[in-house]
Amino acid sequence: MDAGQVSKARTGGTCPGGDEQCLKRETAAVTIQAWWRGSRVRQTLLHAALRAWAIQCWWRSAQAKTLEQRRRLALRLYTCQEWAVVKVQAQVRMWQARRRFLQARQAACTIQSHWRWHASQTRGLLQGCYEVKASRLELDIEILMA
């Protein structure tokens, strides 16, 4: 249907100012309507695009926050595991150092007891024997006067 047929259908076939003038008016009206509808469509599309952009920005920020929380949780878990490893290592090293200390102390006590026995035997003035048992000292001394 062209513009002439549209104008005849609307006005009932009669146009007061002549067919040519009526056709120009109808063409201008159709052009204005098309422009107006196009403007409304473009405005609607623009609003929809802006809303979609706002939703996308919100979604990206929510994703970034979630990713940051995951990273922090992973870092916290890693830190806890590292501290646990350090504590276990410290306990093992302390146990090893204590064991070496106790062995060295036992060796020193053995050397001292042998040295004291030897010193008491070679002096000649004091003769006796003693033994170190668990928590007490048994002492047997004989004093020789020359």
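Reading guide: rules and limits
- Residues numbered from 1 in each chain as written.
- Predicted model: local features only at pLDDT ≥ 70, side-chain atom pairs only at ≥ 80, totals over all residues.
- Heavy atoms only, no water.
- Helix = DSSP H or I, 4+ residues; strand = E, 2+ residues; numbered from the N terminus.
- Buried < 20%, exposed > 50% of the residue type's maximum accessible area, 1.4 Å probe, protein only.
- Contact = heavy atoms within 4.5 Å.
- Areas by Shrake-Rupley, 256 points an atom, 1.4 Å probe, with all protein chains shown as cover.
- Salt bridge = Lys/Arg side-chain N within 4 Å of Asp/Glu carboxyl O.
- Phe/Tyr/Trp six-rings, centres within 6.5 Å; stacked < 30°, edge-to-face > 60°.
- Patch = residues over 30% accessible without salt bridge, like charges linked within 9 Å, V, L, I, M, F, W, Y side chains within 5 Å.

With an unreviewed UniProt entry as reference, the protein chain is termed IQ motif containing F6, source organism Cnephaeus nilssonii.

**Q** Kindly report on the overall build of the protein chain, identifying the contributing residues and their values.
**A** Tallying secondary structure elements over the protein chain gives two helices and two strands in all. Sequence-ordered secondary structure for the protein chain, helices as α and strands as β, is α-α-β-β. Taking all 146 residues of the protein chain together, the buried fraction comes to 5%. Summarising the internal contacts of the protein chain: among those between residues at least 6 apart in sequence, 3% fall at separations of at least 24. Carbon and sulfur atoms provide 62% of the accessible area of the protein chain, an area that totals close to 13,400 Å².

**Q** Give a detailed account of the pattern of salt bridges, specifying residues and quantitative values.
**A** Evaluated as defined, the whole model comprises one salt bridge. The shortest N-O distance in the salt bridge between Glu 68 and Arg 72 comes to 3.3 Å. Residue Glu 68 and its partner Arg 72 are both found in helix α2 (residues 19-123); the two are separated by four residues, about one turn of the helix.

**Q** Break down the packing of aromatic side chains for me, citing the residues and quoting the values.
**A** Per the stated rule, a full pass over the model turns up two aromatic pairs. Pairing Trp 35 with Trp 36 gives two aromatic rings, centres 6.2 Å apart and planes at 45 degrees, and the pair type is tilted. For the pair Trp 35 and Trp 36, one class covers both residues: exposed. Ring plane angle 50 degrees and centroid distance 6.1 Å describe the contact between Trp 58 and Trp 59, whose orientation is recorded as tilted. The exposure class assigned to Trp 58 is exposed, which follows from its relative accessible area of 54%.

**Q** How would you summarise a nonpolar patch on the surface if you had to cite specific residues and measurements?
**A** A cluster of nonpolar side chains, namely Leu 46, Leu 50 and Trp 53, defines an oily patch on the protein surface of about 340 Å² accessible area. The topology assignment puts Leu 46 in helix α2.

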